[in-house]
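Residues per chain, in single letters:
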Amino acid sequence: TFVVGENCIKCKYTDCVEVCPVDCFYEGPNFLVIHPDECIDCALCEPECPANAIFSEDEVPEDQQEFIELNAVLADVWDNITEKTDPLPDAEKWDGVKGKLEQLER
Ligand code: SF4
Ligand code: F3S
């Protein structure tokens, strides 16, 4: 499966949802996640993310391992998103900022 990592938080560009053939992205207030049981590992979303926030599960950086479980948990409670929307207003400012997990809204 593929996993949305920390750099999506407070950016949420949503380019990823446009290309997913199985519509397995789920949306929270300032972050998106991938449903691990629905993702078919096509890898199409990974290069689409302007924030480089998407990883194959086996390539998630060491300091973002908790996002694997976080994607699974939040995908079960958030709503499905299938169409691109505007990024969050300060997306450019937050792109690349470390420690954004504290900013995650549920
Ligand atoms: Fe969707 Fe493919 Fe990305 Fe999985 S890897 S979330 S199926 S676009
Ligand atoms: Fe997030 Fe990147 Fe998609 S910032 S919403 S994973 S395009």
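Caption draft 1: Structural detail: the site of ligand 1. What surrounds ligand 1 is the set F2, C20, P21, V22, C24, F25, I34, C39, I40, C42, A43 and C45. Taken together, the residues of the shell around ligand 1 break down into twelve nonpolar, no polar and no charged.

Caption draft 2: Fine view of the sheet that holds strand β2 (residues 25-27). The three strands are arranged β3-β2-β5 in an open sheet whose pairing can be described as antiparallel. If you trace the sheet from one side to the other, it starts and ends with β3 (32-34) and β5 (79-80), each paired once. Inspection of the sheet shows β2 paired to β3 by three bridges, in the antiparallel sense. Within β3, the residue paired with Y26 across the bridge is V33. Across the sheet, helix α2 (residues 66-75) is in contact with β2 and β3; its angle to β3 comes to roughly 95 degrees.

Caption draft 3: Region of interest: the pattern of salt bridges. Summed over all chains, the structure comprises two salt bridges. Across the salt bridge formed by E27 and K12, the nearest N and O atoms sit 2.9 Å from each other. Here E27, found in strand β2, pairs with K12, found in the loop between β1 (2-4) and α1 (15-19); they are 15 residues apart in sequence, far enough to count as distant. A relative accessible area of 7% places K12 in the buried class. With a closest N to O distance of 3.4 Å, K84 and D15 form a salt bridge. Here K84, found in the loop between β5 and α3 (91-94), pairs with D15, found in helix α1; they are 69 residues apart in sequence, far enough to count as distant. On the basis of relative accessibility, which here comes to 22%, the residue D15 falls in the partly exposed class.

Caption draft 4: A look at the site of ligand 2. What surrounds ligand 2 is the set V4, C8, K12, Y13, T14, D15, C16, L32, C49, P50 and I54. Residue composition of the shell around ligand 2, grouped by class: eight nonpolar, one polar and two charged.

Caption draft 5: A look at the environment of L44. By the element assignment, L44 lies in the loop between β3 and β4 (54-56). Taking the C-alpha atoms as reference, L44 lies 19 Å from E6; in sequence the two are 38 residues apart. Excluding residues within four positions of it along the chain, L44 makes contact with V19 and P21.

Calculation notes
Residues numbered from 1 in each chain as written. Chains lettered and ligands numbered in written order. Predicted model: local features only at pLDDT ≥ 70, side-chain atom pairs only at ≥ 80, totals over all residues. Heavy atoms only, no water. Near = heavy atom within 4 Å. Nonpolar A, V, L, I, M, F, W, Y, C, P; charged D, E, K, R; others polar. Pairing = 2+ DSSP bridges. Helix = DSSP H or I, 4+ residues; strand = E, 2+ residues; numbered from the N terminus. Contact = heavy atoms within 4.5 Å. Axes fitted to C-alpha atoms, helices over the stretch in contact; angles between N-to-C directions. Salt bridge = Lys/Arg side-chain N within 4 Å of Asp/Glu carboxyl O. Buried < 20%, exposed > 50% of the residue type's maximum accessible area, 1.4 Å probe, protein only.

Interpretation note: all reported values are geometric properties and have no functional meaning in isolation.
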